[in-house]
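# A structural walkthrough
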Amino acid sequence: MAEGYGAAAIGTYDSAFLGGDAYVRATLMAMASSRAAIGLRPSNPLTREPQIMASFLASLDSLSGGRAFLDVASGDSAVFNIGYPAASRARIEDYVTCVRDLLARGEATYQGRAQRVRWAQSAVRARIPISICAEGPRMLHLGGRIGEGVIAGTGLLPEVIQDTVARIHAGAREAGRDPAGVDIWFTTRTALDTDRDTAIERVKASVSSILNHSMRFGLDGKLVPEGLREKVQEYVDGYVLYDHVLQGGQNPKRMEKLGLTDYALRRFALAGAPATGSRASKSSPAPAPPSCGWASAAATSTGSATSCACSARRSCRASRRNSCACRSPSSISRTSHPVRNSIPPGSRSPRARSSTSPSASIRSRSTWTSKRRSRRSSVASSPAGFTRWR
């Protein structure tokens, strides 16, 4: 069904705390699809050993005919709920390198341990796309150095986008890479409803999670207004992990009590009616222009909070349930689905993505297409949203 509505990629979260096994879901999605890219959005280095991940990716790539992908993060609900700390940047880099080496040549090292597989020569592709999920300055830099793409959970405010892109590009240049070759997406949280107030209410739980997630390792370099730093830190210090992304849970209530809701909505959320999606803010009586647009056809079902990911450069993904991402190509032509969009400074026209299930993230075919070659946008239904920028 998703492909029938133009989905170009489908991904699913990898957290046993939030739902069943991601490998099973991804396998079922690969079997039920014929064109869309299939992958984990995101996984982490702690709950999946690199040999196991490489084997899964190779199997998924074979099953799907070369359509697998992977997003890697430091770990949140998947690792904290089994008593592990988040993965360090060094471990993430070691993990990504190991997975790539196993796929390419069947041998690698990880944390000083030798890793081998016998099937490498039979892999459909020797390199499967791996993107890095990043929120802090140093993680953004790492993503620019090693990722095919970067999923930035920094927010959609113009100054935040500008700072994020600069840090990713600096990492790419340090590694001798062309910054334009890094696919960048921005995470946001999205809810569509015919009633704007209802949409904003439904997005609060998702926004409460990313406010914590994006600030949990410190506020320096994250462009938090000076007058809110103390409150944001208090919020992060008291975050209730068991109520992660829980509508009506303790976290959105604490966010409201500390007076952070309006700021978090403006920085991280898009909420409103499908035809007139707007930046969410309790205090603004009229809808403000969104940082990304979404296809009205992609949001036929309303009332679900989502993560929306918006890109300042090449493509836009929007999602009904959990995530949206936007990319704007350098030269674009419009397709049959109408898109409402308004673009932050320094960006070009975005595209949309939409999601249909809490366990799958869907990249719908972009409402915008490059004149040079067709681009794809994507939708995620996991609690975290992702923005892609190429």
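Described in the following lines is the structure provided in the data block.

### What to know about the environment of Pro274
Looking at the element boundaries, Pro274 is found in the loop between strand S9 (269–272) and strand S10 (278–279). Measuring from C-alpha to C-alpha, the distance between Pro274 and Arg196 comes to 9.7 Å, with 78 residues separating the pair along the chain.

### Section: the packing of helix H2 (residues 50–64) against helix H4 (residues 89–105)
It is at 9 Å that the axes of H2 and H4 come closest, and there the two elements cross at 50°. Between H2 and H4, the crossing angle belongs to the class labelled oblique. H4 is crossed by H2, and the crossing has right-handed handedness. Where H2 approaches H4, its residues Pro50, Gln51, Met53, Ala54, Leu57 and Ala58 are matched on the opposing element by Tyr95, Cys98, Val99, Leu102 and Leu103. When the residues that make up the contact of H2 with H4 are grouped by side-chain class, the tally is 10 nonpolar, 1 polar and no charged.

### Side note on the pairing of strand S7 (residues 149–152)
Burial along S7 is two-sided: the residues Gly149 and Ile151 and Val150 and Ala152 are all buried. For strand S6 (residues 130–134) and S7, the ladder comprises 4 bridges, and the chain directions are parallel. Paired with Ile132 across the bridge in S7 is Val150. Running through helix H5 (residues 137–146), the crossover from S6 to the neighbouring parallel element S7 is right-handed. One ladder, built from 4 bridges, connects S7 with strand S8 (residues 183–192); its direction is parallel. Bridge pairing in S8 links Ala152 to Phe186.

### Observations regarding the pattern of salt bridges
If you walk through the whole model with that rule in mind, you get 16 salt bridges. A salt bridge links Arg41 to Asp71; the nearest nitrogen and oxygen atoms lie 3.0 Å apart. One end of the pair, Arg41, is in strand S2 (residues 37–43); the other, Asp71, is in strand S3 (residues 68–72), with 30 residues separating them in the sequence. The exposure class of Arg41 is buried, given its relative accessible area of 1%. Notably, a salt bridge pairs Glu174 with Arg145, separated by 3.7 Å at the nearest N-O pair. With a gap of 29 residues between them, Glu174 in helix H6 (residues 158–174) and Arg145 in helix H5 connect regions that are remote in the sequence. The exposure class assigned to Glu174 is exposed, which follows from its relative accessible area of 55%. Taken together, the salt bridges that share partners define one network made up of Asp14, Asp21 and Arg48.

Rules of the game
Residues numbered from 1 in each chain as written. Predicted model: local features only at pLDDT ≥ 70, side-chain atom pairs only at ≥ 80, totals over all residues. Heavy atoms only, no water. Helix = DSSP H or I, 4+ residues; strand = E, 2+ residues; numbered from the N terminus. Axes fitted to C-alpha atoms, helices over the stretch in contact; angles between N-to-C directions. Parallel < 35°, antiparallel > 145°, perpendicular 65-115°, else oblique. Left-handed = near helix turned anticlockwise from the far one by under 90°. Contact = heavy atoms within 4.5 Å. Nonpolar A, V, L, I, M, F, W, Y, C, P; charged D, E, K, R; others polar. Buried < 20%, exposed > 50% of the residue type's maximum accessible area, 1.4 Å probe, protein only. Pairing = 2+ DSSP bridges. Right-handed = clockwise from strand over helix to strand, strands pointing away. Salt bridge = Lys/Arg side-chain N within 4 Å of Asp/Glu carboxyl O.

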